[in-house]
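Tertiary structure, described
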Protein chains: 2
Amino acid sequence: MSSAATRSADSDHLWSVDEHLEDILSTVRPLEPIELQLLDAQGCVLVDDVTVPVSLPPFDNSSMDGYAVRVADVAGASEEFPAVLDVVGDVAAGAADPVRVGPGQAARIMTGAPLPPGAEAVVPVEWTDGGLGEGPVSGMRARSLAPEGAAGHVRVHRPAEARAHVRDKGSDVRAGDLALEAGTILGPPQIALLAAIGRGTVRVRPRPRVVVLSTGSELVQPGEELGPGRIYDSNSFALTAAARDAGAIAYRVGAVADDAETLRSTIEDQLIRADLLVTTGGVSVGAYDVVKEALESVGDEDVAGAGVEFRKLAMQPGKPQGFGSIGPDHTPLLALPGNPVSSYVSFELFVRPAVRALMGLTDLHRPRARAVLKGDRALRSPKGRRQFLRGAYTDGEVTPVGGAGSHLIAALAQADALIVVPEDAESVEPGAEVEVVLLG
Amino acid sequence: MSSAATRSADSDHLWSVDEHLEDILSTVRPLEPIELQLLDAQGCVLVDDVTVPVSLPPFDNSSMDGYAVRVADVAGASEEFPAVLDVVGDVAAGAADPVRVGPGQAARIMTGAPLPPGAEAVVPVEWTDGGLGEGPVSGMRARSLAPEGAAGHVRVHRPAEARAHVRDKGSDVRAGDLALEAGTILGPPQIALLAAIGRGTVRVRPRPRVVVLSTGSELVQPGEELGPGRIYDSNSFALTAAARDAGAIAYRVGAVADDAETLRSTIEDQLIRADLLVTTGGVSVGAYDVVKEALESVGDEDVAGAGVEFRKLAMQPGKPQGFGSIGPDHTPLLALPGNPVSSYVSFELFVRPAVRALMGLTDLHRPRARAVLKGDRALRSPKGRRQFLRGAYTDGEVTPVGGAGSHLIAALAQADALIVVPEDAESVEPGAEVEVVLLG
């Protein structure tokens, strides 16, 4: 008998929230890395250290639009006594073989263009007459409109030190430097750096593919007509959105009827595209709790920890929960309760960290804060249960929103925090300090 | 002559960061609303108030797996003296026409199932013998395995008050209530509520489509070989990623050579899929600054504010900037400078708020904080310019990362904040308080 079966036989055991979470996180492993195009890797975790293959900038280049000159030629130059230089040509950005600058010469140069041989500094165009023979100019005329700007004479009105307005090769990063460490999350600036050093692809842990199934013969697709005794399916929408919010690629399968065989075959069909399966409903003690019925018998008893185990948590909402793995690849599965608030809270506490662990992230959890409880009455909580109430958080204060009922979905939509009432508290008075989970 | 042309003629005028931003935000209008499937509307802004068409729950229903009973039948029941009731059938979730519960009778009922006619309360299955004729049970056996559970007798061990474990119709929301206000951003809980009240689609402002073009004949696609005088294109990758991060659907066009006609026709091609165009490079005072050349002549002088205007900002990095609108739909265009750090900082300060304004969001800007400057030397800043330096922020302290050079892309990848040095400061000493923009 597997340990899972042993433990589930002990159906009176109440798992703590932390035990359940620890069990999940000790089972879920980061996904195998894959090579992705840079922009497909946004938000993903880098697997290897990346070193710089080529120094940046790769060559000495100009930081200004101006003229590349020799220092001696502009020494002592002023507007009254300008240095007059022969313009030997243009050096545009991307120039492969720039013109040489000899004594008494200047090359018109653009920002980012390589410092041409012979030149020692750049004078900005604003320090010159731009070749027009009049006073200082504020810019160059477009090459296409005024090709003569690449020849003739230029008057330089100020001297320049050696290397003035020159960005030295390797002044940003040097070949061999560490560009990014393994474990870095790739946001826009990190993608910028990878592109700048020439990396077109990068090895990262991919976003997990999460399949969300809701179960229940009472569920109707939103937009369709609601028959007697039936309600709209909201969980599959909410959790698909929440999985995307957590970083996953999420697929919503929608409502599966309360029939164990249908559910089993639906799950088997979905395994092909799932790194993680999430179900809602059917995990409690009822006679139609088909998730429990369908999955309790699916265990792979040859593998430690395989199979799905159903347990009771010392938690409100969210007491009944299932967790385990199924299928040939031991795909992790979290079976959440069916009440909308229960399933959403369970997702935040258990599925979101699992998604982030699959991504290889180390920061798995929503931020938490301490807050002063506002409102005009005490919160009640059953002893021995950790309760998560919906709240609105602002500047160190949290106000309860709606009641404790796990069906109160309207209040959930007004909340931005969960108020945590610990196991040993039966009530919390207004003014007391509580822990809150910030839903962001 | 349009006011844009008048202002751009005054090329020595330095615009402040705030003036430029104000000009952008006074021009960019929220996109026209469209009806989207719920999950496609995630992160979007709701356009209309949504009222509740049908009360939730839509009918009285059970909050537990148990037995629906009449209060008088279980009055005074105990484990020693149980109430023995005839089980007249099951009421599963979704039952359209549940069995009637008469005196001396009970119906086995599942969580979420409608309270059957005649019943006044629900007793949880744990308060009964589950019909097995022995002690209290912890749950029901699956209907498929033990169909006899829907008949026979049940012993109830505890009394129940009227409405016990019954969720009243409308106790969550009532038909006609306001579900969500116009302007609400649709996250998972809001999507849950919309689904729960039966909304399959919703009218929102769509995500803007942002086309990112980098310009420069020196640019090489990452992964390809770098010739002399050339560098890798990083801006188009960084800004496409940043646009997605801001909420946009972003298309990366990549590097366009420094030729005004090519650029003009590329932009014209892209207009069809753009709500906003972003270019990098070619906006300064050089002879090859083709963005300026291509777009200065594209203005629609019949329309106030149409056409693209190039200006100098009292800002470092990011002094040269272009802004305006082009094409038959007056599509907004931001022309950013080409240095990687300049373009990224410009994106954060100007493009990100524009993207969010197009989405109809009211919270347009990155959060800001006050922080104590760490490090061992003073920050220098040119007088009259607002400087944005890269920094690493933790707990109210910020440490500069890298130098001020606008080509220092490696340092940018280590930063998570911009340190703001205001126009009137020329240096900031360690220990002083500074404003930081948190890049998140």
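Cut-offs applied
- Residues numbered from 1 in each chain as written.
- Chains lettered and ligands numbered in written order.
- Predicted model: local features only at pLDDT ≥ 70, side-chain atom pairs only at ≥ 80, totals over all residues.
- Heavy atoms only, no water.
- Least-squares fit on C-alpha atoms with pLDDT ≥ 70 in both.
- Contact = heavy atoms within 4.5 Å.
- Buried area = accessible area lost by both parts, 1.4 Å probe.
- Salt bridge = Lys/Arg side-chain N within 4 Å of Asp/Glu carboxyl O.
- Polar contact = N/O pair within 3.5 Å; in protein donor to acceptor, adjacent residues only side chain to side chain.
- Helix = DSSP H or I, 4+ residues; strand = E, 2+ residues; numbered from the N terminus.
- Phe/Tyr/Trp six-rings, centres within 6.5 Å; stacked < 30°, edge-to-face > 60°.
- Lys NZ or Arg CZ within 6 Å of the ring centre and 35° of its normal.
- Buried < 20%, exposed > 50% of the residue type's maximum accessible area, 1.4 Å probe, protein only.
- 1 Å grid on protein atoms, 1.4 Å probe; cavity = no way out; pocket = protein on both sides within 12 Å on 5 of 7 lines; lining within 4 Å.
- Points joined across faces, edges and corners; volume = space filled by probe spheres on them.
- Nonpolar A, V, L, I, M, F, W, Y, C, P; charged D, E, K, R; others polar.
- Domains from an automatic or database assignment.

**Remarks on the relation of the copies chain A and chain B**
Superposing chain A onto chain B takes a rotation of 180° plus a shift of 0.0 Å along the axis, which leaves an RMSD of 0.0 Å. A rotation of that kind, with that shift, is consistent with a two-fold axis. With an isologous cut-off of 70% or more, the 100% of interface residues of chain A that recur at the interface of chain B puts this contact in the isologous class.

**Observations concerning the interface of chain A and chain B**
Chain A puts 85 residues into the contact, and the matching count from chain B is 86 residues. For the chain A face of the interface with chain B, the top three residues by lost area are Leu39(A), Val285(A) and Tyr288(A), together amounting to 10%. Between the two partners, chain A and chain B, sit zero salt bridges. On the surface where chain A and chain B come into contact, there are 30 residue pairs in polar contact (both at pLDDT 80 or more). Take the side of chain A that touches chain B: its biggest share by element is eight residues, from helix α4 (residues 188-196) of chain A.

**Details of the packing of aromatic side chains**
Summed over all chains, the structure comprises zero aromatic pairs over all chains. Here the guanidinium or amino end of Arg311(A) rests over the ring plane of Trp15(A), the centre of that ring lying 3.5 Å away. Above the plane of the ring of Phe237(B) lies Arg252(B), whose end atom (NZ or CZ) is 3.9 Å from the centre.

**Focus: the pattern of salt bridges**
Overall, the coordinates contain 36 salt bridges over all chains when judged by the stated rule. Two residues, Asp48(A) and Arg203(A), come together in a salt bridge whose shortest N-O distance is 3.1 Å. One end of the pair, Asp48(A), is in the loop between β3 (45-46) and β4 (50-51); the other, Arg203(A), is in strand β13 (residues 201-205), with 155 residues separating them in the sequence. According to the relative accessible area criterion, Asp48(A) is partly exposed, its value standing at 33%. On the accessibility criterion, Arg203(A) (33% relative accessible area) is partly exposed. Close ionic contact of Asp233(B) with Arg252(B) constitutes a salt bridge, the shortest N to O distance being 3.9 Å. In this pair, Asp233(B) sits in the loop between β16 (231-232) and α5 (235-246) while Arg252(B) sits in strand β17 (residues 249-256), placing the two residues 19 residues apart along the sequence. Asp233(B) sits in the buried class, given a relative accessible area of 1%. What makes Arg252(B) partly exposed here is its relative accessible area of 23%. Residues joined by salt bridges that share partners form a network here, namely Asp245(A), Glu348(A), Arg352(A) and Arg366(A).

**Regarding empty space enclosed by the protein**
Going through the model one piece at a time under the given rule, you end up with one cavity of 30 Å³ or more. The calculated volume of the largest cavity comes to roughly 30 Å³. Lining the largest cavity, in full, are Ser234(A), Asn235(A), Ala238(A), Leu239(A), Pro340(A), Ser343(A), Tyr344(A), Ile409(A), Leu412(A) and Ala192(B). When contributions to the lining of the largest cavity are tallied by element, the ones reaching two or more residues are α5 (235-246), α8 (340-358) and α9 (409-412) of chain A. Along the lines of polarity and charge, the residues of the lining of the largest cavity split into seven nonpolar, three polar and no charged.

**So, the domain arrangement of chain A**
We note that the domain assignment places domain 1 (3-31 + 206-358), domain 2 (35-57 + 171-205), domain 3 (61-167) and domain 4 (368-438) within chain A. For domain 1 of chain A versus domain 3 of chain A, the separation of C-alpha centres amounts to 69 Å.

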